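Understanding the architecture of this molecule
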Amino acid sequence: PPIAEMRSKDRISYFYDGDVGSVYFGPNHPMKPHRLSMTHHLVLSYDLHNKMEIYRPHKAYPVELAQFHSADYVEFLHRITPDSQHLFSHELAKYNLGEDCPVFENLFEFCQIYAGGTIDAARRLNNQVCDIAINWAGGLHHAKKCEASGFCYINDLVLGILELLKHHPRVLYIDIDVHHGDGVEEAFYFTDRVMTVSFHKYGDMFFPGTGDVKEIGEREGKFYAINVPLKDGIDDTSFNRLFKTIISKVVETYLPGAIVLQCGADSLAGDRLGCFNLSIDGHAECVRFVKKFNLPLLVTGGGGYTKENVARCWTVETGVLLDTELPNEIPDNEYIKYFAPECALRIPSGHIENLNSKSYLSTIKMQVLENLRSIQH
Ligand code: ZLS
Ligand code: CA
Ligand code: ZN
């Protein structure tokens, strides 16, 4: 290739703590942190650890968590245990702890680890010691200032963005989890220093119920929140076309200094909670596309409830970020039993009907692009 096109490979920092995999939300709870150790083992089996710097994140201190969350909420998460919770029914209700967000063993330490990973990732990007930082344990986008929501207790994404804002005037947040990234949107709803863009299922009371295309931010933040509400069954072709059109225009208009990409894997076909029809390659194409902007990039996990597919997806995406093609046959490893019998890395999309008509998608796209035209930097 001509010299102008040559770029040495990106420097990647990857954050992982072996303790997260044993965290247990309780019987029947869809969130299974074991998917994180499955992902890590799959990453190791493809030898990807030799191509990036692997770090154990620090456990975020209560004061760091309180940069976004209220001190009383952080203090309560710190103090509460499964054995003592029956004494605090008033506080449990106040902080929305219960069925979706249960109190389990080592809850606070779990929060400290996944939030510590996203904060460390942002700090390494700020210090320019890496180009891309990955924390698959992070991406818990529903948590609010004073309450838990949708399996999320601490909003690591907000904490990571606040860290990036110390070095960058504008940060772009992109969310491809099947659920609306409401916690991140809400945190920055009134500012133009963060643009939030979420693609999600919307309608039929799907959780959390927000994320209409008409939700665009307010005051200084007007036009700096973008929502792309979708129906069941969206496939690779429609999703990738819409994603690329919107994100190109967003980057061209907003000129962010850094990008945070939440890669929730519940937008994959066959997810236990999701209803989209993306293949792993379709999902990973979004990551490939965002990487091409060559901006400091913080990548997190998020949802993902069919855990073998979550591990597959985030391993393929680690490969994409490393510019490394991964052979489809999974190399033998300690966790191979989870990927049997085919032991194939990539899953195809399913056969469910795409309820997003061409005219529906084009209306949404037009409304989003129209709002973007109102911004002048
Ligand atoms: O974006 O839909 C809801 C709220 C409810 C229905 C479920 N009940 C328990 C509470 C009230 C309206 N909650 C969603 C939350 C989805 C969070 C997605 C997180 C993310 O991917 C980022 C990490 C929901 N969907 C499914 C469940 N909750 C759910 C299913 C099964 C169970 C078992 C454990 C607990 C109670 C029974 C539970 C929740
Ligand atoms: Ca989303
Ligand atoms: Zn989700």
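These notes cover the structure that comes with them. Just so we're clear, the structure is a prediction, and the values are computed from it rather than from any experiment.

In this structure, Leu97, Tyr153, Met195, Phe199, Phe239 and Phe243 are the most contacted members of the largest nonpolar core, which totals 128 residues. No other element matches helix α5 (residues 107–126), which puts 11 residues into this core. Among all residues touching Phe239, those that are not within four sequence positions of it are Ile176, Phe199, Leu230, Ile234, Phe276, Leu278 and Cys286.

By the definition in use, this model includes 21 aromatic pairs. On the basis of an interplanar angle of 35° and a centroid distance of 5.1 Å, the ring pair of Phe76 and Tyr95 is categorised as tilted. Of the two residues, Phe76 is situated in helix α3 (residues 71–79) and Tyr95 in the loop between α4 (89–94) and α5; the sequence distance between them amounts to 19 residues. Exposure remark for Phe76: the relative accessible area of 3% places this residue in the buried category. Arranged with centres 5.5 Å apart and planes meeting at 90°, the rings of Phe289 and Phe293 form a pair that is edge-to-face. By relative accessible area, which is 27% here, Phe293 ends up partly exposed. One aromatic cluster is present, formed by Phe199, Phe239, Phe243, Phe276, Phe289 and Phe293 through successive ring pairs. Positioned over the ring face of Tyr254 is Arg170, at 6.0 Å from the centre of the ring. Directly above the ring of Phe190 sits Arg219, whose terminal nitrogen or CZ lies 4.2 Å from the centroid.

What follows covers the coordination of the calcium ion (ligand 2). For the calcium ion (ligand 2), every protein donor is listed as Asp175 (O), Asp175 (OD), Asp177 (O), His179 (O), Ser198 (OG) and Phe199 (O), and the spread of their distances is 2.5 to 3.1 Å. Given 6 donor atoms and angles of 68 to 166° at the metal, the environment of the calcium ion (ligand 2) is assigned as irregular. Along the chain, the residues donating to the calcium ion (ligand 2) are arranged with the sequence spacing D-x1-D-x1-H-x18-S-F. Judged by relative accessible area, which is 0%, Asp175 ranks as buried.

For the rest of this paragraph, the subject is the pattern of salt bridges. This model, assessed by the stated rule, comprises 20 salt bridges. Notably, a salt bridge pairs Arg124 with Glu53, separated by 3.2 Å at the nearest N-O pair. Note that Arg124 is positioned in helix α5 and Glu53 in strand β2 (residues 53–55), a separation of 71 residues in sequence. A residue is classified by how much of its surface remains accessible, and Arg124, at 18% relative accessible area, is buried. Across the pair Lys94 and Asp72 runs a salt bridge whose closest N-O atoms are separated by 3.7 Å. Taken together, the positions of Lys94 in helix α4 and Asp72 in helix α3 put the pair 22 residues apart, joining distant regions of the chain.

Moving on, we come to the coordination of the zinc ion (ligand 3). Within the protein, the zinc ion (ligand 3) binds to Asp177 (OD), His179 (ND1) and Asp266 (OD); these donor distances fall in the range 2.0 Å. All donors of the zinc ion (ligand 3) belong to a single chain; written as a sequence motif, their spacing is D-x1-H-x86-D. Residue Asp177 is located in the loop between β4 (171–175) and α7 (182–187), and its partner Asp266 is located in the loop between β7 (258–262) and α9 (280–291); the two are separated by 89 residues in the primary sequence. For Asp266, a relative accessible area of 0% translates into the label buried.

Which parts of space are left empty comes out when a probe the size of a water molecule is rolled across the atoms. Its volume calculated, the largest pocket comes out at about 310 Å³. Lining the largest pocket are 15 residues, and of these Arg288, Gly319, Val320, Asp323 and Thr324 lie nearest its centre. Within the residue set of the lining of the largest pocket, elements represented by two or more residues are α9 and α10 (307–321). Take the lining of the largest pocket: its biggest share by element is 4 residues, from α9.

Look at the link from Phe207 to Pro208: it is a cis peptide, with omega at 0°. As for its position among the elements, Pro208 is in the loop between β5 (194–201) and β6 (225–230). A cis amide bond links Ala340 with the next residue in sequence, Pro341, at an omega value of 0°. Relative to the helices and strands, Pro341 is located in the loop between α10 and α11 (358–373).

What counts, and at which threshold
Residues numbered from 1 in each chain as written. Chains lettered and ligands numbered in written order. Predicted model: local features only at pLDDT ≥ 70, side-chain atom pairs only at ≥ 80, totals over all residues. Heavy atoms only, no water. Core = buried A, V, L, I, M, F, W, Y, C linked by side-chain atoms within 4.5 Å. Buried < 20%, exposed > 50% of the residue type's maximum accessible area, 1.4 Å probe, protein only. Helix = DSSP H or I, 4+ residues; strand = E, 2+ residues; numbered from the N terminus. Contact = heavy atoms within 4.5 Å. Phe/Tyr/Trp six-rings, centres within 6.5 Å; stacked < 30°, edge-to-face > 60°. Lys NZ or Arg CZ within 6 Å of the ring centre and 35° of its normal. Donors = N, O, S within 2.8 Å, 3.2 Å for Na, K, Ca; no water. Tetrahedral: all angles 85-135°; square planar, octahedral: opposite > 155°, others 65-115°. Salt bridge = Lys/Arg side-chain N within 4 Å of Asp/Glu carboxyl O. 1 Å grid on protein atoms, 1.4 Å probe; cavity = no way out; pocket = protein on both sides within 12 Å on 5 of 7 lines; lining within 4 Å. Points joined across faces, edges and corners; volume = space filled by probe spheres on them.

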